[in-house]
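# Overview (structure and organization)
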Amino acid sequence: MSFTGEEPDPASLPAAEAVLNALPLPVLTIGPDERILRVNHAAELFFDLSSKVMQRGRLRDIIPFASPIIALVAEVRRRRSSVAEYRVELIQPRSGAERSVDVFATPLRDEDDSVVLMLQERTIADKMNRQLTHRGAARSMIALGAMLAHEIKNPLAGIRGAAQLLEQERDDEDRLLTRLICDESDRIVRIVERMELFGEERPVERGPVNVHGVLDQVKRSAQSGFARHIRFIENYDPSLPPVLGNRDQLIQVILNLVKNAAEAIGTDTVEGEITLSTAFRTGLRLQVPGSRERVSLPIEVAVRDNGPGIPADMLSDLFDPFVTTKAQGSGLGLALVAKIVGDHGGIVECDPVPRRTAFRILLPMSSARDGRESAAER
């Protein structure tokens, strides 16, 4: 079966298939009876199904029957012209994952009811917009952190000192109250000190950093403390080039994400898992705000856990200050992660699926040293 619906020239078939499979977007050909006639490699990855499996079924086998995509295909046949629909929510029956996609559909031939579908996941575009929002939110914390440091820490020191003086003259029951005053004062100071980190404007020394060394140090620290009960899985690309960054700050970022993952899993879970992975991704470039420069972000670092996941209504604000899923959380950890990653010229995003959470960080590499890296810069 050819992609055009006609019997192809045997000599041209390999070239046509090569072009189709080289496309980075999922492409499917849907026949008159809704049968899937052909898919490319990107569609196999998108739906997590092989071409042979999909070509044995129909469109509604891989897309919910109530999806707007079904109606879109029917509209293309009726109008015999191309139709596009944006921000279509697509729930995949196989994995249950929900994705937002732009859908482009066009009739294949005037005398045939076959339709070509092309899907473009909105994840990357939305991530770029959200990352700029995260950076703006982090920058807005600079002035707030400086103000709080001056206006709150000094009065708190006086409150704590007065409570300590009272503690010396009170009985045991009253001492519990004065101790509470001291403890809560200390907790507020710690929050303010964390907010002060947003105001750090001093240039940070950056250079080549082996991200696997960062992950190994975080893993050792976690396994000796808060994640003793959790199994770690490592899935590394051994040929990964060094990251352009600050080692201490990257350790802070990964440690924060691993600690969040461990707390999400909980201490009572017997099969808790945290997966640390790295990969080289070509093709993603981010424009530097205020200039025409575009920076390649080929290095991916991911922290995944099998905890309960993150509520869908919190995803858009997850990296904003004071947003947290923890009962006792301050909501500053992920905001600080977004700031540090943004200062490195990278992006960080959460990719939730049912019963799992994945944080992915995309970072620039230190320098072009081989053909693969050079291609990423072009």
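In this text the structure is predicted, and so the values were computed from the model without any measurement. (Residues numbered from 1 in each chain as written. Predicted model: local features only at pLDDT ≥ 70, side-chain atom pairs only at ≥ 80, totals over all residues. Heavy atoms only, no water.)

## Observations regarding the overall build of the chain
Cut-off, in case you're wondering: Helix numbers and strand numbers start at the N terminus; a helix is a DSSP run of H or I with at least 4 residues, a strand a run of E with at least 2. The rule is simple: take the accessible area with a 1.4 Å probe, protein chains only, and divide by the maximum for that residue type; under 20% is buried, over 50% is exposed, in between is partly exposed. It only takes one pair of heavy atoms within 4.5 Å for two residues to be counted as in contact. Note on areas: Shrake-Rupley with a 1.4 Å probe; residue coverage comes only from the protein chains shown.
A count of helical and extended segments in the chain gives twelve helices and 14 strands. Burial status across the chain gives 42% buried among its 378 residues. Here the analysis covers contacts within the chain between residues at least 6 apart in sequence; of these, 63% occur between residues at least 24 apart. Carbon together with sulfur atoms contributes 52% to the accessible area of the chain, which is approximately 20,300 Å² in total.

## Things to note about the confidence of the model for the chain
Put simply, the rule is: pLDDT measures how confident the predictor is about each residue, on a scale from 0 to 100.
When the pLDDT values of the chain are averaged, the result is 76; 70% of them are 70 or greater. Per-element mean pLDDT across the chain ranges from 38 in helix α12 (residues 371–377) up to 94 in strand β7 (residues 231–235). Low pLDDT (under 50) marks residues 1–8, which in the prediction has 17 contacts with non-local residues, meaning those over four places away or in another chain. In this model, residues 368–378 is a region of pLDDT below 50 whose contacts with residues beyond four sequence positions or in other chains number 19 contacts.

## A word on helix α11 (residues 333–343)
Most of α11 is tucked away: ten of the eleven residues are buried. By the burial criterion, the buried members of α11 are Gly-333, Leu-334, Ala-335, Leu-336, Val-337, Ala-338, Lys-339, Ile-340, Val-341 and Gly-342. Positive backbone phi, approximately 80°, marks Gly-345, located one or two places after α11.

## Things to note about the pairing of strand β12 (residues 299–305)
Condition: In this description, strands pair whenever DSSP reports at least two bridges between them.
For β12, a buried count of six out of seven residues is recorded, marking the element as mostly surrounded by other parts of the structure. Inspection of the sheet shows strand β9 (residues 273–280) paired to β12 by seven bridges, in the antiparallel sense. Pairing of Phe-280 across the sheet is with Ile-299, part of β12. Where β12 meets strand β14 (residues 356–363), seven bridges bridge the pair, whose relative direction is antiparallel. Residue pairing across strands places Asp-305 opposite Thr-357, the latter belonging to β14.

## Considerations on the side chain of Thr-275
With respect to the helices, strands and loops of the structure, Thr-275 is situated in strand β9. Discounting chain neighbours no more than four positions away, the residues touching Thr-275 are Ile-233, Ala-302, Val-303 and Arg-304.

## A short note on helix α5 (residues 68–79)
Quick reminder of the rule: By definition here, a helix of n residues has an expected span of 1.5 Å times n minus one. It is the directions from the helix axis to the C-beta atoms that the arc portrays.
Between the first and last C-alpha of α5 there are 16 Å, a value that for twelve residues agrees with the 16 Å anticipated at 1.5 Å per step. Within α5, the full set of buried residues consists of Ile-69, Ile-70, Leu-72, Val-73, Val-76 and Arg-77. Viewed end-on, α5 has its buried residues packed into an arc of 160°, placing them on one side of the element. Packing partners of the buried residues in α5 comprise β1 (27–30), α4 (59–62), β3 (83–91), β4 (98–107) and β5 (115–121). Phi turns positive one or two residues past the end of α5, at Arg-80, with a value near 50°.

## Remarks on the environment of Leu-244
Here Leu-244 shows up in strand β8 (residues 243–245). Judged by relative accessible area, which is 34%, Leu-244 ranks as partly exposed. With 38 residues separating them in the primary sequence, Leu-244 and Arg-206 have C-alpha atoms 6.4 Å apart. Filtering out sequence-adjacent residues up to four positions away, Leu-244 remains in contact with Arg-206, Gly-207, His-344, Pro-364, Met-365 and Ser-366.

## Some words on the nonpolar core
Applicable threshold: For the purposes of this section, nonpolar cores are sets of buried Ala, Val, Leu, Ile, Met, Phe, Trp, Tyr and Cys residues that join through side-chain atoms within 4.5 Å.
Counting 41 residues, the largest nonpolar core has Val-253, Ile-254, Leu-257, Val-258, Ile-274 and Ile-361 as its most contacted members. Contributing elements (two or more residues each) for this core: α9 (211–223), α10 (247–265), β9, β12, α11, β13 (347–353) and β14. Per element, the largest residue contribution to this core is nine residues, and it comes from α10. Other than its neighbours up to four places away in sequence, Ile-254 contacts Val-214, Leu-215, Val-218, Val-301, Val-303 and Ile-361. Counting residues in hydrophobic clusters, the runner-up holds 26 residues, among them Ala-43, Leu-49, Val-88 and Leu-119.

## Quick word on the sheet that holds β1
The following threshold applies: Axis definition: a line fit to C-alpha positions, over the contact stretch in the case of helices; interaxial angles, taken between N-to-C directions, run 0 to 180 degrees.
Spatially, β2-β1-β5-β4-β3 is the arrangement adopted by the five strands of the open sheet, whose pairing is antiparallel. On the outer flanks of this sheet lie β2 (36–39) and β3, each paired with one strand and no other. Each neighbouring strand pair of the sheet contributes to a mean axis angle of 30°, computed without reference to strand direction.

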